[in-house]
Amino acid sequence: MVMLPSDIVEFFHGPQIMALGTRDATLRPAMGRLLGAFAEGPTDRISFFLPNVQSEPHLTNLADNGLVAMTAGEARTHRNYQFKGRVVAVRASTAADAAIRDLYRDKLIRYFREEYFMPLPDEFIGGYISEPSTTITFRVAKIFNQTPGPNAGKPVDFVPAEG
């Protein structure tokens, strides 16, 4: 069975700053902020929560080509990864998804409020629009280390499942 590396799965427990990248048929990119994700261990799948307020053009792009580029990074250490793959499911977030998403959002807000190196106004750290959201699951094909340093840009040792 293919599994994501255990340190990557742990990394998703957050709080991390996350972004989604998609592209349209003319290769025009689009970017959106994500509020949480979880690795479906032991598999090669990651699910993330895209606020519906940011869902276009991403849902159109995913329906067209199914390609995902997702980044996740830790603000203080700059430990950062990029995940590339293909979508396997898109659905409205369930109550269980919302519970995970909101816990993640609260961790991120608490992180900025209590641990970040500079004070930020409440409007910045508490103004996330998260409801409603769409849960998107993709199979990871490639992982890249994006942490600044000698390994930046290098692939993470990971062999994806076939198919």
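Parameters at a glance
- One numbering rule holds for all chains: residues counted from 1, following each sequence as written.
- Totals for whole chains, interfaces and linings use all residues, but because this is a predicted model, local features are given only for residues with pLDDT of at least 70 and pairs of side-chain atoms are given and counted only at 80 or more.
- In computing side-chain properties, one takes all heavy atoms of the structure into account and sets aside hydrogens as well as water.
- Only rings of Phe, Tyr and Trp enter the pairing, Trp through its six-membered ring, and a pair is recorded when the two centres are within 6.5 Å. The plane angle decides the type: under 30 degrees is stacked, over 60 is edge-to-face, the rest tilted.
- Numbering of helices and strands runs from the N terminus; a helix is a DSSP stretch of H or I covering at least four residues, while a strand is a stretch of E covering at least two.
- Under the scheme applied here, a residue whose accessible area is under 20% of the maximum for its type counts as buried, over 50% as exposed, and between as partly exposed, the area being computed with a 1.4 Å probe on protein chains only.
- In this description, the arc belongs to the directions extending from the helix axis to the C-beta atoms.
- When checking whether two residues touch, look at their non-hydrogen atoms; a contact exists if any pair is within 4.5 Å.
- Side-chain atoms within 4.5 Å link the members of a nonpolar core, which is a set of buried Ala, Val, Leu, Ile, Met, Phe, Trp, Tyr and Cys residues.
- For this analysis, a salt bridge means a side-chain nitrogen from Lys or Arg found within 4 Å of a carboxyl oxygen belonging to Asp or Glu.
- One requirement defines pairing of two strands: DSSP has to find at least two bridges between them.
- Fitted lines through C-alpha atoms serve as axes, helices being fitted only where they are in contact, and the angles separating the N-to-C directions of these axes extend from 0 to 180 degrees.

This brings us to the packing of aromatic side chains. For any two aromatic rings, the description comes down to two numbers: the centre-to-centre distance and the angle of the planes. Enumeration according to the criterion identifies 4 aromatic pairs in this entry. Ring geometry for F38 versus F49: centroids 5.9 Å apart, planes at 40°, classification tilted. Of this pair, F38 sits in strand β3 (residues 37-40) while F49 sits in strand β4 (residues 45-51), and the two are 11 residues apart along the sequence. When the ring of Y81 is compared with that of F83, the centres are 6.2 Å apart and the planes differ by 45°; the resulting orientation is tilted.

What follows deals with helix α2 (residues 58-65). Every buried residue of α2 is listed here: H58, N61, L62 and N65. Down the axis of α2, the smallest arc covering the buried residues is 95°, so these residues share one side. Looking at the packing, one finds that the buried side of α2 touches β1 (17-23), β2 (29-34), β4, β5 (67-73), β6 (80-92) and β7 (133-145). Downstream of α2 by a residue or two, G66 has a phi angle that is positive, lying close to 70°.

Counting residues in hydrophobic clusters, the biggest one holds 25 residues, and the most contacted among them are F12, I46, F48, M70 and F83. A total of 4 residues in this core trace back to one element, the largest contributor, which is β7. Apart from the residues within four sequence positions on either side, M70 is in contact with F12, M18, A19, L34, A37, I46, F48, Y81, Q82, F83 and F138. Counting residues in hydrophobic clusters, the runner-up holds 5 residues, among them L35, A75, L108 and F112.

With that settled, consider the pattern of salt bridges. Applying the stated rule across the entire model yields 7 salt bridges. When the shortest N-O distance is used, the salt bridge between R91 and D97 registers 2.3 Å. With relative accessibility at 5%, the residue D97 sits in the buried group. As a salt-bridge pair, R101 and E131 come within 2.6 Å of each other at their nearest N and O atoms. Here E131 lies in the loop between α4 (122-125) and β7 and R101 lies in helix α3 (residues 95-115), a separation of 30 residues in the sequence. It is possible to trace a salt-bridge network through shared partners that takes in R101, D102, R105, D106 and E131.

With respect to topology, 7 strands assemble into an open sheet ordered β2-β1-β5-β6-β7-β4-β3, the strand pairing being antiparallel. The two strands at the open ends of the sheet, each matched to only one other strand, are β2 and β3. If you compare each strand with its neighbour and ignore which way they point, the axes differ by 35° on average. Summarising the sheet, β4 and β7 pair through 7 bridges and their orientation is antiparallel. Of the residues in β7, the one forming a bridge with L50 is T134. Packed onto the sheet, α2 meets β1, β2, β4, β5, β6 and β7 and runs at close to 55° relative to β1.

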